[in-house]
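# Structure assessment
If you want the building blocks of each chain, they are given just below.
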Amino acid sequence: MFHSPRRLCSALLQRDAPGLRRPPAPGLRRPLSPPAAVPRPASPRLLAAASAASGAARSCSRTACSMGTGTSRLYSALAKTLNSSAASQHPEYLVSPDPEHLEPIDPKELLEECRAVLHTRPPRFQRDFVDLRTDCPSTHPPIRVMQWNILAQALGEGKDNFVQCPVEALKWEERKCLILEEILAYQPDILCLQEVDHYFDTFQPLLSRLGYQGTFFPKPWSPCLDVEHNNGPDGCALFFLQNRFKLVNSANIRLTAMTLKTNQVAIAQTLECKESGRQFCIAVTHLKARTGWERFRSAQGCDLLQNLQNITQGAKIPLIVCGDFNAEPTEEVYKHFASSSLNLNSAYKLLSADGQSEPPYTTWKIRTSGECRHTLDYIWYSKHALNVRSALDLLTEEQIGPNRLPSFNYPSDHLSLVCDFSFTEEPDGLS
């Protein structure tokens, strides 16, 4: 039984509380399409100032912090960003902490609280799922996978130079609620994120109480650390619902290029689906950015493919790879994945008329150097073992607007990608 916001604040506020091994609330599986956007409800209650008691917050890394009495405590927890370096205070960041039995959060209630925090902002964009089901029936619920570069807070405010985005739109106290709202709206079974620099104080404590188990692997030399008042290094994070999957094994991979260790990383986990008993590997990565680094990205991609070849026992275990590849489909690294012996296909190609073309963009922004519109984000999958049942359509140019992303409507410069997968009938020699 879920508890009121008065009981939730300490759970929400804890910066590095260990994961929760409990299922989320029953009856929250979603329809094929999300509901139409509705105006955000105005909150009659005042949000606590983000700077209040920041010193006290740092002293309670593993204990509940009182934020006063009354229902405004949940708003205080959502509005607060704890100013500390996650890396320096959390040497255990490479692995998930041991679980403690903490009270779960009702996802619907958390979504309502996020919307109340965002009541002065425009409503979420409407995006629909495109039905891609073939005639192959499935006896088990689909596996929903979400891929998203959420934009590191330190980079968004300090280095990325989004010249058309108002500074107010990037404030963490509200932007994190936009990110959570997007996740809660689509309710993924597996969540693959890049540019996560608020893992310990936001995503791990909140998502663990929604029933997810999380893993975080930071970049060795994160550019976030160059920004004043940063929140530690950014990196990749992978979350999965514990009531649906069992973790079989996990690998944190520091990618190499030309035999040299690089600043880019990946997480690869083999999961067992509790309904079907089928195993599959899910991987998340973020390759090197910027023009002029094409050969470098190609080498990183080859290294990741070799690692995944070993983990999947030569493609015997089905595979899903999510990532911001920082590479257009014309680049060598894309071609390596498309032609790999792992027999991969890019899920979002299926939205095109011929099933052979990637979307026209997955990121669209305006920097001091000019307008950037690129396809960089992908969900790859084993086409011999998995079917794509549906995929979330992209935002239109009209929805994105002339000032592009991020914006008051949308928290990142990259669009989230969401797909529903089902297993094919088990072919001979494959599992």
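Calculation notes
- Residues numbered from 1 in each chain as written.
- Predicted model: local features only at pLDDT ≥ 70, side-chain atom pairs only at ≥ 80, totals over all residues.
- Heavy atoms only, no water.
- UniProt positions renumbered as here; feature names shortened; annotations may be inferred.
- Axes fitted to C-alpha atoms, helices over the stretch in contact; angles between N-to-C directions.
- Helix = DSSP H or I, 4+ residues; strand = E, 2+ residues; numbered from the N terminus.
- Left-handed = near helix turned anticlockwise from the far one by under 90°.
- Contact = heavy atoms within 4.5 Å.
- Nonpolar A, V, L, I, M, F, W, Y, C, P; charged D, E, K, R; others polar.
- Core = buried A, V, L, I, M, F, W, Y, C linked by side-chain atoms within 4.5 Å.
- Buried < 20%, exposed > 50% of the residue type's maximum accessible area, 1.4 Å probe, protein only.
- 1 Å grid on protein atoms, 1.4 Å probe; cavity = no way out; pocket = protein on both sides within 12 Å on 5 of 7 lines; lining within 4 Å.
- Points joined across faces, edges and corners; volume = space filled by probe spheres on them.
- Pairing = 2+ DSSP bridges.

As recorded in an unreviewed UniProt entry, the protein chain goes by the name Nocturnin, listed as coming from Pongo abelii. The UniProt entry for the protein chain carries the following text under Cofactor (unreviewed entry): "Mg(2+)". What the UniProt record of the protein chain gives under Sequence similarities (unreviewed entry) is the line "Belongs to the CCR4/nocturin family."

### Describing the packing of helix α5 (residues 107–117) against helix α7 (residues 172–186)
Look at α5 against α7: their axes get within 9 Å of each other, and the N-to-C directions meet at 140°. Relative to α7, the crossing made by α5 is left-handed. Where α5 approaches α7, its residues P107, L110, L111, C114, R115 and V117 are matched on the opposing element by E173, E174, C177, L180, E181 and L184. Considered class by class, the residues forming the contact of α5 with α7 number 8 nonpolar, no polar and 4 charged.

### Here we look at the nonpolar core
Counting residues in each nonpolar core, the largest one holds 74 residues, and the members touching the most others are I190, I282, I320 and F421. For this core, the element with the highest residue contribution is α7, accounting for 9 residues. Ignoring anything within four residues of it in the chain, the contact list for I282 reads V145, I190, C192, L238, I267, A268, Q269, L271, I320 and C322. L308, V333, F337 and W380 belong to the second largest nonpolar core, which has 24 residues in total.

### Points about empty space enclosed by the protein
Think of a ball as big as a water molecule: rolled over the atoms, this probe shows where empty space is left. Enumeration according to the criterion identifies 3 cavities of 30 Å³ or more in this entry. The computed volume of the second largest cavity comes to approximately 60 Å³. In terms of lining, the second largest cavity is formed by R124, F125, R127, L178, E181, E182, L395, N409, Y410 and P411.

### A look at the sheet that holds strand β8 (residues 279–286)
Ordered in space as β6-β7-β8-β9-β13-β10, the 6 strands form an open sheet in which the pairing is mixed. Of all the strands in the sheet, the pair left with one neighbour each is β6 (245–257) and β10 (344–346). When the angles between neighbouring strand axes are averaged without regard to direction, this sheet yields 20°. As paired elements, β8 and strand β9 (residues 319–324) share 6 bridges and run parallel to each other. The residue bridging T285 from the neighbouring strand is G323, located in β9.

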